[in-house]
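Here is how the chains run, residue by residue.
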Amino acid sequence: MAQLIYHSTRSINQAVTAAEAILSGIAADGGLYVPEKIPVLTTPLRELARLDYRELAVTVLQLFLTDFTEAELRQAVASAYNSRFDTAEIAPVAEHGGVRYLELFHGPTLAFKDLALALLPYLMKMAARKTGLDKEVVILTATSGDTGKAALEAFAGVEGIRIIVFFPEQGVSPVQKQQMVTQAGNNTSVIGIEGNFDDAQSGVKQLLTDKKLIDAMERKGLMFSSANSINIGRLIAQVVYYWYAYLRVMKDGGVQAGEPLDFAVPTGNFGNILAGYYAKKMGLPVGTLICASNKNKVLSDFFAFGVYDKKREFYLTSSPSMDILISSNLERLLWEICGKSSEHVAGLMQQLTSLGRYQISEAMKKNLLDFLGGHATEEETFQAIRRVQETAGYLLDPHTAVAYSVWEKYRQRTGSKIPVVVVSTASPYKFTKDVMQAVDPKYALGEDFALFAEMEKMTGVPVPVGVRGLASQPVLHKRVCKKAEMQLVVENILGL
Ligand SMILES: *Cc1c(COP(=O)(O)O)cnc(C)c1O
């Protein structure tokens, strides 16, 4: 098979292999690595439908990671998707009240981030071997709540890798925070920042490309990488479950082979939904990708008007992992829809930095028809949780509820009969109080951890292992810093 080459969205003169792209996390020019061409999966759907999650994962990964052997990918996939997930299906599709949900929260940290992050350490170790890397890798991560814990869980105790996580001190749920600050492992550091996710992500991106810092790291035998969805390795792992979901729905007759299936995706950094777009480009019959935002609706405005404008108020919502105004992965979509012109993307990104906004051309807008943007207010989100619980006996987490609400409005507006899969990104157990309160205001007085028992009673779903006993675990990470201090903190941790 011909080697698939990756290069930055902002320049074409830095072609790298998949292994190199995964190890670096971000390109030196600040752009994101993209596959030169999205590979097409030509195996007939009926044949693919016989594969289990792991076999399908190998099939999809092989097309993107052409410098990895099939044996390596098999090994990585087997190590990632095992009994750490509470179902052998890994990413089951459930049906409740006539709506299908792709449940991506059966991994160790109860959010969809596990699907990619469980795999990433194995890919990185293999990539390090392949490229003859002789440095220790430092994973620098910004989290809006779920990536942090999923990455800590995946990289804790992994030899040759250290991980540093920055999270917005005031911007995550109590359960999300407790999951992170109780993380064991002497290669882990977790720091709260006085700021929001955008501050954390911009800070991390800046450190990842800071020439002086990188040189200082090099002298110590260290190099940076990223566990955020700016790392192409994460996106590729996420492509798998779109295929899996389609094949499951096809198998139980919800869609005929080749007919379109819509996906409603709760979106923040645009990583999850971009993987759905890649799946479509690979040949999966995806209909509309419904891009659902919460009150921070910068993306739904972008899809409506072709203008991306981050100069607006930032809201803290009940779906904190989507409280984002700078959606990094949109840059990869821009590259696809502008005819893969890196100069053009670089120009738009320059405008975003200097002016806080950019506008795309009419021609580019025409290439956005795979997507439909929408948003749900807090009230609509809570109503969706209550309504689905009352009518279908199924409890949605607030992120999934945003997607459900946006899809419902879309269906009412258009009368669309195309079947949909709502991508369910987290377990309601990560957001106990908000979810219980949405169902019944009487829970407003309860505390998140105290409500675990009530949620168990309401749903009949036992408290997941990942959060059982979490409240009483010792807090191991207490550091909080200002945004401007991030570099100092990193230097201090690494002894630079
Ligand atoms: C990260 C996250 C999202 C947003 O995903 P993106 O890839 O950033 O768009 C949505 N829901 C949950 C629960 C998440 O953890």
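Below, the structure is looked at part by part. Keep in mind the model is a prediction, meaning the values are calculated, not measured.

### Here we look at the packing of aromatic side chains
Line of reasoning, step 1. Counted according to the given criterion, the structure contains 18 aromatic pairs.
Line of reasoning, step 2. Ring geometry for Tyr242 and Phe263: centres 5.0 Å apart, planes at 70 degrees, overall edge-to-face. Of this pair, Tyr242 sits in helix H11 (residues 232-251) while Phe263 sits in strand S9 (residues 261-266), and the two are 21 residues apart along the sequence.
Line of reasoning, step 3. For Phe263, a relative accessible area of 0% puts it in the buried group.
Line of reasoning, step 4. Linked through ring pairs, Phe270, Tyr277, Phe302, Phe303, Tyr308, Tyr358 and Phe371 together constitute an aromatic cluster.
Line of reasoning, step 5. Across the ring face of Phe68, the terminal group of Lys130 is positioned such that the distance to the ring centre comes to 4.8 Å.
Line of reasoning, step 6. The cationic tip of Lys295 hangs over the ring face of Tyr315; the distance from NZ or CZ to the ring centre is 4.0 Å.

### Side note on the sheet that holds strand S4 (residues 99-103)
Line of reasoning, step 1. Taken together, the six strands give an open sheet; going across it, the order is S3-S4-S14-S9-S10-S13, and neighbouring strands pair in mixed fashion. With one partner strand each, in any of the chains shown, strand S3 (93-96) and strand S13 (371-375) form the two edges of the open sheet. Each neighbouring strand pair of the sheet contributes to a mean axis angle of 25 degrees, computed without reference to strand direction.
Line of reasoning, step 2. Each of S9, strand S10 (286-293), S13 and strand S14 (420-424) touches helix H12 (residues 271-281); the most contacted strand, S10, lies at about 170 degrees to it.

### With respect to helix H13 (residues 298-305)
Line of reasoning, step 1. Along H13, six of the eight residues are buried, which leaves the element largely enclosed by surrounding structure.
Line of reasoning, step 2. Every buried residue of H13 is listed here: Val298, Leu299, Ser300, Asp301, Phe302 and Phe303.
Line of reasoning, step 3. The secondary structure elements touched by the buried residues of H13 are S10, strand S11 (307-309), helix H14 (330-337), strand S12 (357-359) and S13.
Line of reasoning, step 4. Looking at the residues trailing H13, positive phi occurs at Gly306, about 75 degrees.

### Observations regarding the site of the ligand
Line of reasoning, step 1. Around the ligand, the surrounding shell holds 15 residues, and the nearest of these are Lys113, Asp146, Gly268, Asn269 and Asn272.
Line of reasoning, step 2. Contacts to the ligand include Phe270, whose backbone N or O atom sits 3.0 Å from an oxygen atom.
Line of reasoning, step 3. A distance of 2.9 Å is found between a nitrogen atom of the ligand and a side-chain nitrogen or oxygen belonging to Thr425.
Line of reasoning, step 4. Protein contact buries 98% of the 380 Å² of open area that the ligand shows by itself.
Line of reasoning, step 5. The pocket occupied by the ligand, as judged from atoms lying within 2 Å of grid points, is the largest cavity.
Line of reasoning, step 6. For the shell around the ligand, a count of residues per class yields five nonpolar, eight polar and two charged.

### Topic: the environment of Ile337
Line of reasoning, step 1. Topologically, Ile337 is positioned in helix H14.
Line of reasoning, step 2. On the basis of relative accessible area, Ile337 is assigned to the buried category, the value being 4%.

### Notes on the packing of helix H7 (residues 146-155) against helix H8 (residues 174-181)
Line of reasoning, step 1. Between H7 and H8, the shortest axis-to-axis distance is 9 Å and the interhelical angle comes to 30 degrees. Comparing the axis directions of H7 and H8 gives the class roughly parallel. Relative to H8, the crossing made by H7 is left-handed. Contacts between H7 and H8 involve Asp146, Gly148, Lys149 and Leu152 from the former and Gln176, Gln179 and Met180 from the latter.

Reading the values: rules and limits
- Residues numbered from 1 in each chain as written.
- Predicted model: local features only at pLDDT ≥ 70, side-chain atom pairs only at ≥ 80, totals over all residues.
- Heavy atoms only, no water.
- Phe/Tyr/Trp six-rings, centres within 6.5 Å; stacked < 30°, edge-to-face > 60°.
- Helix = DSSP H or I, 4+ residues; strand = E, 2+ residues; numbered from the N terminus.
- Buried < 20%, exposed > 50% of the residue type's maximum accessible area, 1.4 Å probe, protein only.
- Lys NZ or Arg CZ within 6 Å of the ring centre and 35° of its normal.
- Pairing = 2+ DSSP bridges.
- Axes fitted to C-alpha atoms, helices over the stretch in contact; angles between N-to-C directions.
- Contact = heavy atoms within 4.5 Å.
- Near = heavy atom within 4 Å.
- Polar contact = N/O pair within 3.5 Å; in protein donor to acceptor, adjacent residues only side chain to side chain.
- Areas by Shrake-Rupley, 256 points an atom, 1.4 Å probe, with all protein chains shown as cover.
- 1 Å grid on protein atoms, 1.4 Å probe; cavity = no way out; pocket = protein on both sides within 12 Å on 5 of 7 lines; lining within 4 Å.
- Sits in = over half its atoms within 2 Å of the grid points.
- Nonpolar A, V, L, I, M, F, W, Y, C, P; charged D, E, K, R; others polar.
- Parallel < 35°, antiparallel > 145°, perpendicular 65-115°, else oblique.
- Left-handed = near helix turned anticlockwise from the far one by under 90°.

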